[in-house]
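Each chain is listed here by its residues.
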Amino acid sequence: MAKVLIRDGYTKTTTMPARFGMPAVTFSYRPALPVRAWEYGMAVKDTAAKQTAEVIKLLTDHVVSWDIEGDKDGETAEINAANIKRCPRPLLEFFVDCICGYGPDAVEADQKN
């Protein structure tokens, strides 16, 4: 049988490769159900402030862990609004893409077409 349903508590882990002058970042997340991904897609067609708020909500709801260093050397940054606002845009876009279903596997498949 095909196991395609997103089960409660299901998590995935992926790594954004080093790029744009940033080191690689690994994070674990709970994939968004389709309705949540569509809600996010509709909500971000508003103002920049609304988009920022939606990114923060999506990430705080779905990111389980990350290996981003906090303000103290060797300490993992907390996953919260203040730290999400401080993340570079390409990293936030990577997180959102993975959570909403367009992660590295989908990108690789598209590149083969």
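Definitions and limits used
The residue count restarts for each chain, going from 1 along the sequence in the order it is written. Only residues with pLDDT of 70 or above have their local features reported here, since the model is predicted, and side-chain atom pairs are shown and tallied only from 80 upward, although totals for entire chains, interfaces and linings are computed over all residues. The side-chain figures draw on all heavy atoms in the structure; neither hydrogens nor water molecules are used. Patch rule: a residue counts if its relative accessible area is over 30% and it has no salt bridge; like charges are joined within 9 Å, and nonpolar side chains (Val, Leu, Ile, Met, Phe, Trp, Tyr) within 5 Å. In these tables, accessible area is a Shrake-Rupley quantity obtained with a 1.4 Å probe, and a residue counts as shielded only by the protein chains included in the view. By definition here, a salt bridge exists when the distance from a side-chain nitrogen of Lys or Arg to a carboxyl oxygen of Asp or Glu is within 4 Å. Here a helix means four or more residues in a row that DSSP labels H or I, a strand means two or more in a row labelled E, and each is numbered from the N terminus. Residues belong to one nonpolar core when they are buried, are Ala, Val, Leu, Ile, Met, Phe, Trp, Tyr or Cys, and are joined through side-chain atoms within 4.5 Å. Burial classes: relative accessible area under 20% of the type maximum marks a residue as buried, over 50% as exposed, and values in between as partly exposed (1.4 Å probe, protein chains only). Contacts are assigned to residue pairs with any non-hydrogen atoms lying within 4.5 Å of each other.

Looking now at a nonpolar patch on the surface. Among the surface-exposed residues, Ile 6, Tyr 10, Leu 33, Val 35 and Trp 38 lie close enough to one another that they form a single nonpolar patch of about 530 Å² accessible area. One can find Trp 38 in helix H1 (residues 34–43).

Looking now at the nonpolar core. If you look at the biggest cluster of nonpolar residues, it comprises 25 residues, and the most contacted ones within it are Phe 27, Leu 59, Trp 66, Ile 68, Leu 91, Phe 95 and Ile 99. Of all the elements in the fold, those that place two or more residues in this core are strand E2 (25–29), helix H2 (48–62), strand E3 (63–66) and helix H4 (89–99). If one sorts the elements of this core by residue count, H4 sits on top with seven residues. Look past the residues within four positions of Ile 68 in its chain and what remains in contact with it is Val 25, Glu 75, Thr 76, Ala 77, Cys 87, Leu 91 and Phe 95.

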